[in-house]
Amino acid sequence: MDPTLARRGFLSRLSAGLAIPALAGGSSCGRSTVFAKTSARATEQERDKQEQSQLAGPVSVVTPGIETLPFELDGAIKVFRLRAEPVTIRFQDMSDSTGARRRPIEAWGYNGSVIGPTIEITEGDRVRIHVENGLPDPTTVHWHGLHVPIGMDGVAGISQEPIPPGESFTYEFTVNQHGTYFYHPHFMGAKQVGMGMAGFFIVHPRNPTPDQLVDRDYAYFLQVWMIHPGSPQPDTLEMNNFNYFSMNGKPAPSIVPMSAKIGEKVRIRVANLSMLTHPIHLHGHTYRVTEYGAGFLPPAQQIIANTINISSAEVRTLEFVAGPNPGQWVFHCHFMHHTMNDMHRTPIPGSGGGGHSGHDAGGMHTWIDVTET
Ligand SMILES: [Cu+2]
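Residues numbered from 1 in each chain as written. Predicted model: local features only at pLDDT ≥ 70, side-chain atom pairs only at ≥ 80, totals over all residues. Heavy atoms only, no water.

What should I look at first to understand the sheet that holds strand β8 (residues 179–184) in this one?
Picture the strands of a sheet paired through backbone hydrogen bonds; they go either parallel or antiparallel. Read from one edge to the other, the open sheet built from four strands follows the order β4-β9-β8-β6, with strand pairing classed as mixed. This sheet does not close on itself; its edge strands, each paired only once, are β4 (119–122) and β6 (142–144). Taking each pair of neighbouring strands and ignoring which way they run, the sheet shows an average axis angle of 25°. (Pairing = 2+ DSSP bridges. Helix = DSSP H or I, 4+ residues; strand = E, 2+ residues; numbered from the N terminus. Axes fitted to C-alpha atoms, helices over the stretch in contact; angles between N-to-C directions.)

Where do I start with the pattern of salt bridges in this structure?
Any two side chains of opposite charge can pair, so long as their charged atoms come close to each other. Taken as a whole and judged by the stated rule, the model has 16 salt bridges. The salt bridge involving Asp-93 is made with Arg-101; its shortest N-O contact spans 3.9 Å. Of the residues examined, Asp-93 reaches a relative accessible area of 16% and is grouped as buried. The class for Arg-101 is partly exposed, based on a relative accessible area of 43%. Arg-128 is the salt-bridge partner of Glu-172, the closest N and O atoms lying 2.6 Å from each other. With Glu-172 in strand β7 (residues 168–174) and Arg-128 in strand β5 (residues 126–133), this residue pair connects regions lying 44 residues apart in the sequence. On the basis of relative accessibility, which here comes to 21%, the residue Glu-172 falls in the partly exposed class. Using a relative accessible area of 17% as the deciding quantity, one classes Arg-128 as buried. The network of salt bridges with common partners includes Asp-217, Lys-265, Arg-267, Arg-269 and Glu-319. (Salt bridge = Lys/Arg side-chain N within 4 Å of Asp/Glu carboxyl O. Buried < 20%, exposed > 50% of the residue type's maximum accessible area, 1.4 Å probe, protein only.)

So, in structure tokens, the structure goes:
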């Protein structure tokens, strides 16, 4: 089958309302198992999922370690459910020299996950999103970058009253744009975003051109944290100093990595909702920056690079052909202090991939496993 037609077929099915399979790897709730095994298993499952998707056409977005939010159909309306709630996640406890211990972090997220599950739709879709507030504080949800009616913009005190604890609010709007967007609270933002609340909102183009199609489509969300010694709670008053740096709610070596075969076209969508800028670097490849978080850039405005700064509330979408050299090519923030956990240099024994003895870094540091077959 013509791969372009196959991909378009998939997008049609996506818009027709087939639920997207959840990514293996589960929520970001704590795991005290050996992370190397966890990561390897997640990678295998993710590879299986992607290969199955390829048979049917294009791939859906994979947010490594984070589920894609399922939906129900009410006529043509895609109905999603988000519950804002406290979520205990686990970061490396660097007081443990074996690297095995994890410390609980009392974060806030959605549906038991930090970051929240990824919403994935197609341009032209109408969505209804029921938001239940399971937090002790009021909250709202803002749809960052989407052209919604003012009453759906989620800004407390401006476009709606905040949702009290225990109550709900329903957002409904039609999305007539494509690109990589995200959702986050717009009530007590410094606190609630700082507690971890955010998630991807990804919109596929209704009629993609062949150059907008890829074989692997990944998404990573950047966050920073200040977790004081002995405290499980993020310090959301901190403005300058942070000691944990996460991608999809986990610092390395717990970040679920990517994979691709040589010759496959890979897309990585990176969103940053932290208080810092992150220069994101990929080894062994040159990527094309195809999006600044508002849909595809015209080709003449796309640039090539191997490192690009992503400032707060920005998105950069990077595309490249995997290879020609196989290997585990690391993908990380190049502020080296952002590749540490709690100001400690790793490696952590037993945490590496590919048979190596240990992961060389913490923080915002993962890789893409490029293989021959
Ligand atoms: Cu950084």
